[in-house]
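The primary structure of each chain is shown beneath.
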Amino acid sequence: MSLSAAEDNSASEIHIPADIDWHMLDKSKFFFFGAALFSGVSAALYPIVVLKTRQQVFPTQISSLKLSLSIMNHEGVRGFYRGFGTSLMGTIPARALYMTALEITKSSVGTATVRLGCSDTTATAIANAAAGLSSAMAAQLVWTPIDVVSQRLMVQDCNASSIKSSKNMIPSSSSCRYVNGIDGFRKILNADGPRGLYRGFGISILTYAPSNAVWWASYSVAHRLVWGCVGCYANKKDEKAVNGGGRGCGYTPNSKEMVAVQGVCAAMASGVSAMITMPLDTIKTRLQVLDGEENGRARPLTVMQTVKNLVKEGGFAACYRGLGPRWVSMALSATTMITTYELLKRLSTKNRESLTS
């Protein structure tokens, strides 16, 4: 489906490059450039993820600034990259699954909805929501075990480097110490089997599948709205040109304007998605990181126990601990992701001969 924004009854038209479908991509380029570009994005945003994760597991609210200073003072820059190697190891296969499911679903559902007689705007929103849902579910097959290990590494020993107060001690993080990600995988497998690596898989699906569906649907709607506003502005300029004896010829945005619009739309979509799914993300993180006790032995917490502990610690507001870093992380990640993603698709487009053969 091509993305063009124009006012229905105007002489002005916004000429946006057509959307690139799955069959138009050189898959080897797509996955190679994707692995490189998204690894760089992950490295840039990882410190914010560490802040969010620690805020979610602490029993009291700690400001992002205070926590950042504490990590820097006690652990240095390395403290912001605990578990990064493990996370990076999962980025390439997870992103490959994510992007494949995203593009295939978007292309097939988009075509089907147009054939059913839906308008282009509605078809795009439905296709994007379905693509976000399927891509999140596919990626969680890799991301859940990576999350379990990397998040435990993020909070390991952080009681010693946190704000010196008994109130800020993590209640019962995993008692096992991990040397690195590989050691973490091995010890979790020995202790709990494969089930231990997929702790919180259900809640992860419930968090990321609707979050992605909401994000992609919101993004497509915001994209249409923003370009519609730009179209109105361009139409008025064309009308002035026509009235002045000139000729309206439409409007073609440059690359900077396109990136700016994509960034604004991504930030808007991230705000909506973060607010809706934040409680689920907090519960998911605690399920994957914290343990309960039963007869003196460590046991995984249940969803109900996790919710009760959160409400006991700070009421419903406790479910929104780490909202600031998550919102910032999602907005920055989404902005860089969507602009990188569009760049990636254009870098990976087959040449004309390949498309026509």
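About the criteria used
- Residues numbered from 1 in each chain as written.
- Predicted model: local features only at pLDDT ≥ 70, side-chain atom pairs only at ≥ 80, totals over all residues.
- Heavy atoms only, no water.
- Disulfide = S-S within 2.5 Å.
- Phe/Tyr/Trp six-rings, centres within 6.5 Å; stacked < 30°, edge-to-face > 60°.
- Buried < 20%, exposed > 50% of the residue type's maximum accessible area, 1.4 Å probe, protein only.
- Helix = DSSP H or I, 4+ residues; strand = E, 2+ residues; numbered from the N terminus.
- Lys NZ or Arg CZ within 6 Å of the ring centre and 35° of its normal.
- Patch = residues over 30% accessible without salt bridge, like charges linked within 9 Å, V, L, I, M, F, W, Y side chains within 5 Å.
- Areas by Shrake-Rupley, 256 points an atom, 1.4 Å probe, with all protein chains shown as cover.
- Salt bridge = Lys/Arg side-chain N within 4 Å of Asp/Glu carboxyl O.
- UniProt positions renumbered as here; feature names shortened; annotations may be inferred.
- Axes fitted to C-alpha atoms, helices over the stretch in contact; angles between N-to-C directions.
- Parallel < 35°, antiparallel > 145°, perpendicular 65-115°, else oblique.
- Contact = heavy atoms within 4.5 Å.
- Nonpolar A, V, L, I, M, F, W, Y, C, P; charged D, E, K, R; others polar.
- pLDDT = per-residue confidence, 0-100.
- Polar contact = N/O pair within 3.5 Å; in protein donor to acceptor, adjacent residues only side chain to side chain.

Colleague: If you had to explain the state of the cysteines to someone new, which residues and values would you point to?
Modeller: Considering all chains together, one arrives at zero disulfides under this definition. Here cysteine 265 stays unpaired: no disulfide links it, and the sulfur of cysteine 229, its closest cysteine neighbor, is 9.9 Å away.

Colleague: Describe in detail the packing of aromatic side chains, supporting the description with residues and values.
Modeller: Under the definition given, this model contains eight aromatic pairs. Ring geometry for tryptophan 215 against tryptophan 216: centres 4.9 Å apart, planes inclined by 80°, an arrangement best described as edge-to-face. Take tryptophan 216: its relative accessible area is 2%, and that puts it in the buried class. Residues tryptophan 215 and tyrosine 219 carry aromatic rings whose centres are separated by 5.1 Å and whose planes lie at 5° to one another, so their mutual orientation is stacked. A residue pair is termed a helical-turn pair when its members lie 3 or 4 positions apart in one helix, as tryptophan 215 and tyrosine 219 do in helix α8 (residues 201-243) at four residues. Just as tryptophan 215 is buried, tyrosine 219 falls in that class too. Put simply, the rings of Tyr46, Tyr81 and Phe84 touch in pairs and so form one group of aromatic residues. Stacked on the ring of tyrosine 98, the Lys or Arg arginine 95 has its end atom at 5.9 Å from the ring centre.

Colleague: Let's hear about a nonpolar patch on the surface: which residues, and what values?
Modeller: On the surface, Val272, Met275, Ile276 and Trp327 cluster together into a nonpolar patch covering about 350 Å² of accessible area. Top element by residues in the nonpolar patch is helix α9 (residues 255-289). It accounts for three residues. Topologically, tryptophan 327 is positioned in helix α11 (residues 323-347). The class for tryptophan 327 is partly exposed, based on a relative accessible area of 34%.

Colleague: Let's hear about the UniProt feature "transmembrane region" (unreviewed entry) in the protein chain: which residues, and what values?
Modeller: In this structure's numbering, the residues bearing the UniProt feature "transmembrane region" (unreviewed entry) are residues 30-51. In this annotation, residues 30-51 is assigned 100% helix and 0% strand; the end-to-end C-alpha distance for the span is 31 Å.

Colleague: So what's going on with the packing of helix α1 (residues 27-57) against helix α2 (residues 64-75)? Which residues, and what values?
Modeller: Where α1 meets α2, the axes come as close as 11 Å, and the angle between the chain directions of the two elements is 105°. Considering the angle they form, α1 stands roughly perpendicular to α2. Residues Leu51, Arg54 and Gln55 of α1 pack against Ser64, Leu67, Ser68, Ile71 and Glu75 of α2. Its residues assigned to classes, the contact of α1 with α2 comprises three nonpolar, three polar and two charged.

Colleague: Describe the confidence of the model for the protein chain, and please don't skip the residues or the numbers.
Modeller: Mean pLDDT over the protein chain works out to 78, with 81% of the residues at or above the 70 mark. Element-level mean pLDDT values for the protein chain span from 38 in strand β1 (residues 5-6) up to 90 in helix α6 (residues 181-192). Under a pLDDT of 50 for its full length, residues 1-12 has, in the predicted model, 34 contacts with residues more than four places off or in other chains.

Colleague: Explain the pattern of salt bridges to me, and be specific about the residues and the numbers.
Modeller: What the rule picks out here adds up to 10 salt bridges. Of the charged contacts, one joins glutamate 313 and arginine 321 as a salt bridge, the two residues approaching to 3.1 Å between their closest N and O atoms. According to the relative accessible area criterion, arginine 321 is buried, its value standing at 5%. Among the charged side chains, a salt-bridge network with shared partners connects Lys52, Asp281 and Arg326.

Colleague: Please provide a residue-by-residue account of the packing of α1 against helix α4 (residues 120-155), values included.
Modeller: Angle between the axes and distance between the axes: these two values describe a pair of packed helices. The geometry of α1 relative to α4 is characterised by a closest axis approach of 9 Å and an angle of 75° between their N-to-C directions. Judged by the angle between their axes, α1 and α4 are roughly perpendicular. On the side of α1, the interface is formed by Tyr46, Val49, Val50, Thr53, Arg54 and Val57, while α4 contributes Ser150, Gln151, Met154 and Val155. Looking at side-chain class alone, the contact of α1 with α4 contains six nonpolar, three polar and one charged residues.

Colleague: Give me the side chain of arginine 152: which residues, what numbers.
Modeller: Among the secondary structure elements, arginine 152 is positioned in helix α4. Of note is the side chain of arginine 152, whose polar atom sits 3.1 Å from the backbone oxygen of glutamine 288.

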